[in-house]
Every structure is written in structure tokens, then in C-alpha cells.
Amino acid sequence: MNNYKQISLKERTLIEYLLNVQNKSVSFIAKELNRNRSTIYREIKRNKAAVIYKAKDAQFTRGINNTLSHQNEINKYKEFLRFLYANFNPKSFSIDVCVFKAKELGIKTPTTQTVYNWIKNKQIKIKSKDLLRPRFWWRKSSKYKKYLWEISKMNSIPITYRPKNINKRKEVGHFEIDLVVGAGNTSKAIITLVERVTRKGFAIKLENKTMKHTTEKLKELIGKENLNIKSITKDNGMEFNLLHEVTQELSVPLYTCNTYASCEKGTNENFNGLIRRYLPKKTNFTNLTDDNIIEILNEINKMPRKILNYKSAQEFYETFG
């Protein structure tokens, strides 16, 4: 039991695919994931909504349950937490040092790894950004690489399965998408589409943030700019729930960031930050025109960028300027 590992989001994604798309049995899924049949059976039974098993819903539920189950454990170390909050300093009094010193003082102390797990799961006041060298919590693995093609047939592919040539910006044509919202979280917004290699951005105004309108305006933007799109990466915003209709028409994959991890499409996040220099938060987009947007885009796209693949970038700029 000591070697047992919780079911990961990758495994849950495969369970969803094999169960809902391939109609495979619990025994087959257990064998493919190298798990006990009872483990897979309980996972499906506990997290099945109506007749459909959803990986993201199951992962979210697991996170909530983990938080609740570990809360009692944290309460056993109240004295240690008071010591930790009083003494922690990332430069001179790290987590490891706090645990060591607390033990010397005879305080009931958890293991160093347990404290890091609390930080990872946001269960204590100290955050990962407060550490001197923030840890990389998520590691990518090719363990389930053989299922990549099958998973690619789903409406949206988890970003964990995005190929290395996209992650390393080796090929032009892979875009990230997001919205810049007007004052007071109104329905007015701008849809931004940014190419990962060149960092060149394209944008168009939205009259509302409905899924249908967002999808229609994206098609309009792609046609207007004659973009050669090879993939799109989005976050979990509801306005993008019909985006697969666009990518299916283009026969390209659609990747989705992990929940609450929009930083995984950092190229677009950075571009939106540049747009905010011209359109700060609390700016009303009602009177914003297409000419205004084009003027802003021209200014941003002229800015010097660090481009990793010059040959690909040159080809892109010869096409789009």
C-alpha cells in the first residue's frame, strides 16, 4: 500500500477515452494502465456523472477530497506551522531548515516532503512563488505515447500531450488564443490569436462572449488574415467550448491548458499584457473600432522579440509581414 500512487489526470483522460469512445471494459482499462481492476472500477463508480465519465470532473473532485482529507492531518501540526510562519525566509531559513530546527526544539514536525505537498496543494499560507527556487510540480511523460493518435480524435487534447516541436517553438503555425475583456467584465471583448515562434499577434473585437459568437469571429479572423494554422492552444474558458468546430474544419489539433493554469499559454498571456498598456483594465470597449485595434497591433508587432527559430520566422513574416 505504501507504493500506491493516486490516479493522475493523464490516466483519467485515458479512462475517459477508452470507456466513452472505445467502449472498453474495466478489465481492459486496468490492464492498459497497469492498475488493479478494483481501482479502476471504484474510480469510475465514484466519478461517473449520469452515464458519462469525465476526466476533468474526476480530477477536480479528487482535488477537493484530498484537501478535506489532509486538513485533519495539518491540524496536528499547529505548533510547527506557527514556528514555520514566524521563521520562514526563502533566502536564509528555507523549508528544510525550518523542519530541521523545529525537530531540534522538540516540536512535532512533519517530513519536508509533506510541507512541500502542502505548498503544492495550497493548503498553507506559504505559496510556491514564495520559495527561492520554485519546484516544477508537473513532469511530462511519454508513458502513454501509443494513445496519442487516438486521444487526438477527441474534441480537445490535454496540453500534456502537446508535441515537443510545438513546446520548443520549432515550427511556425501553432497559435494560442485568449480574450481581453472590457470594463466591468462586460460582454465586449477582444479575441487575441498569437503565433508561438514569431510572437506575432492578431485580434478582432467581440460584441459578446457567447460560444457561438466567439467561434464565428475566430473563423472571420482566420479568413481575413489567411492564417495557416497547425494547432491552437486555449484555456478552460466557457467561451471556447465550441472552438473544436473550427479546428475540426481545419483538420488541426486543439489543446487545452490544465485547470487554473492559463500560464501554460504564456505567449498569449504576455501579448495580452502588451495590449493592456494601450487598453488598461476598466477600459470600456464599446467605442473601440477595428481601426483602433489594428493601430495597437501594428505597434505591438513592431516591438523587438526573442525569436528562437529564425528560418521559420522569416518564412512567416514573408507571408504575413
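Residues numbered from 1 in each chain as written. Predicted model: local features only at pLDDT ≥ 70, side-chain atom pairs only at ≥ 80, totals over all residues. Heavy atoms only, no water.

Caption draft 1: Fine view of helix 3 (residues 37–47). Of the residues making up helix 3, those classed as buried are Thr 39, Ile 40, Glu 43, Ile 44 and Asn 47. Along the axis of helix 3, the buried residues cluster in a sector spanning 125°; they form a single face. Every exposed residue of helix 3 that faces more than 90 degrees away from the buried side is listed here: Lys 45 and Arg 46. In this structure Asn 36 caps helix 3, since a side-chain oxygen of it lies 2.8 Å from the backbone nitrogen of Ser 38. (Buried < 20%, exposed > 50% of the residue type's maximum accessible area, 1.4 Å probe, protein only. Helix = DSSP H or I, 4+ residues; strand = E, 2+ residues; numbered from the N terminus. Arc of directions from axis to C-beta. Polar contact = N/O pair within 3.5 Å; in protein donor to acceptor, adjacent residues only side chain to side chain.)

Caption draft 2: Structural view of the pattern of salt bridges. Following the criterion strictly, the structure yields 12 salt bridges and no others. Among the ionic pairs, Lys 217 bridges to Glu 220, the shortest N-O distance being 3.2 Å. You can see Lys 217 and its partner Glu 220 sitting in helix 10 (residues 211–225), three residues apart, about one turn around the helix. By relative accessible area, Glu 220 is classed as partly exposed at 41%. Within the structure, one salt-bridge network assembled from shared partners comprises Asp 178, Asp 235, Lys 265 and Glu 269. (Salt bridge = Lys/Arg side-chain N within 4 Å of Asp/Glu carboxyl O.)

Caption draft 3: How the structure looks around the confidence of the model for the chain. Chain-level statistics for the chain give a pLDDT mean of 81 and a share of 81% at 70 or above. Helix 8 (residues 148–151) is the least confidently modelled element of the chain, averaging 52 in pLDDT, while strand 7 (residues 231–234) averages 94, the highest of any element. Counted against residues more than four places away or in other chains, residues 136–141, with its pLDDT under 50, gives eight contacts. (pLDDT = per-residue confidence, 0-100. Contact = heavy atoms within 4.5 Å.)

Caption draft 4: Here's a closer look at the packing of aromatic side chains. Following the criterion strictly, the structure yields two aromatic pairs and no others. Arranged with centres 6.0 Å apart and planes meeting at 50°, the rings of Tyr 77 and Trp 118 form a pair that is tilted. Taken together, the residues Tyr 77 in the loop between helix 4 (55–75) and helix 5 (78–87) and Trp 118 in helix 7 (residues 112–120) connect sequence positions 41 residues apart. Classification of Trp 118 as buried rests on a relative accessible area of 2%. Between Phe 175 and Phe 202, the aromatic rings sit 6.4 Å apart at their centres with planes inclined by 50°, giving tilted as the arrangement. Here Phe 175 is found in strand 4 (residues 174–181), whereas its partner Phe 202 is found in strand 6 (residues 201–206), with 27 residues between them in sequence. The pair Phe 175 / Phe 202 is uniform in exposure class, with both members buried. Note that Lys 10 overlies the ring of Tyr 161, its terminal NZ or CZ placed 5.6 Å from the centroid. (Phe/Tyr/Trp six-rings, centres within 6.5 Å; stacked < 30°, edge-to-face > 60°. Lys NZ or Arg CZ within 6 Å of the ring centre and 35° of its normal.)

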